[in-house]
Amino acid sequence: MIKTPRLLRTGYLVAALIAGAATPAAVHGERAHGPVATATFAGGCFWSMEHPFDVLDGVFSVTVGYAGGGDEHPTYQTVSVGATGHLESVQVVYDPRTVSYAKLVDVFWHNIDPLTLDGQFCDFGSQYHTAIFYRDASERRTAEESKRRLEARFGRPVATAIMPATRFYPAEAYHQHYYRKNPFRY
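Summary of the structure given here. Values in this document were obtained by computation on a predicted structure and should not be read as measured data. In this convention, every chain numbers its residues from 1, walking through the sequence in written order. Predicted model: local features are reported for residues with pLDDT of at least 70 only, side-chain atom pairs are reported and counted for 80 or more only, and whole-chain, interface and lining totals are derived from all residues. Values reported for side chains reflect all heavy atoms of the structure, with hydrogen atoms and water molecules removed beforehand.

1. Notes on the pairing of strand S7 (residues 130-134)
Here is step 1: Each residue is placed in one exposure class: buried if its accessible area under a 1.4 Å probe, protein chains only, is under 20% of its type's maximum, exposed if it is over 50%, and partly exposed if it falls in between. The helix count covers DSSP runs of H or I at least four residues long, the strand count covers runs of E at least two residues long, and both are numbered beginning at the N terminus. Counted residue by residue, S7 has 5 buried out of 5 residues, so it is predominantly covered.
Here is step 2: Because side chains alternate across S7, one face comprises the buried residues Thr130, Ile132 and Tyr134, and the other comprises Ala131 and Phe133, equally buried.
Here is step 3: The pairing criterion for strands is at least two bridges between them, as found by DSSP. Bridge analysis of S7 against strand S8 (residues 161-164) gives 4 bridges, and the strand direction is parallel. Looking at the pairing, Ala131 lines up with Ala161 of S8.

2. Details of the environment of His177
Here is step 1: Relative to the helices and strands, His177 is located in the loop between strand S9 (169-170) and helix H7 (178-181).
Here is step 2: With 131 residues separating them along the chain, His177 and Phe46 place their C-alpha atoms 9.9 Å apart.
Here is step 3: With sequence-adjacent residues up to four places away left out, His177 is seen in contact with Glu50, Asp54 and Val62. Here, residues are in contact when the closest pair of their heavy atoms is within 4.5 Å.

3. Side note on the packing of aromatic side chains
Aromatic ring pairs are described here by two measures, namely the spacing of the ring centres and the angle between the planes.
Here is step 1: The aromatic pairing rule takes the rings of Phe, Tyr and Trp, using the six-membered ring of Trp, and pairs them if the centres are within 6.5 Å, calling planes under 30 degrees apart stacked, those over 60 edge-to-face and the rest tilted. The final tally for this structure, using the stated rule, is 4 aromatic pairs.
Here is step 2: Summarising the aromatic geometry, the rings of Phe41 and Phe53 are spaced 5.2 Å apart at their centres and angled 10° between planes, so their arrangement reads as stacked. One end of the pair, Phe41, is in strand S2 (residues 34-43); the other, Phe53, is in helix H3 (residues 46-54), with 12 residues separating them in the sequence. Grouping residues by exposure puts Phe41 and Phe53 together as buried.
Here is step 3: Taken together, a centroid distance of 5.2 Å and an interplanar angle of 20° make the contact between Phe41 and Phe108 stacked. Of this pair, Phe41 sits in strand S2 while Phe108 sits in helix H5 (residues 101-109), and the two are 67 residues apart along the sequence.
Here is step 4: Phe41 gets classed as buried once you look at its relative accessible area, which sits at 0%.
Here is step 5: Aromatic rings pair up to connect Phe41, Phe53, Tyr101, Phe108 and Trp109 into one cluster.

In structure tokens, the structure reads:
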């Protein structure tokens, strides 16, 4: 079987999301080749969270952006100073037949420090708080069960929030796939 490059097979999804022509709900459902689901995670700096999901089989696209706040027009400048309530986040569009939501949650946990409040590694501020945004009861159960296992393992509370999904706002184009565009700085 010939694999179609990810950029070609998902270009229309990414373009629609970045242009604001599609919402997570619009890409969560069916497409010509099978089911599509959407997951959103806030793991500190969104540049650091893009790559781990981007390399997973079954992931169609990863978009960096903002979620969780009340500002309807967030920009990097307003989010980065903590003025919007938004968290730097990633939106993952994937095939649930190939990669499970539980696997995505596991990848998330392996790429953050779940014990740190309002910061990850060298980035600190409310916009870097970690969160799992769930879309339904099943996703909520999966996230909460995994969080309980981590708390038992570490013997202390996990700082990561588990909250209902909110509208996701794609970040400016220069932030998308930053690790590819700036391999030396990243």
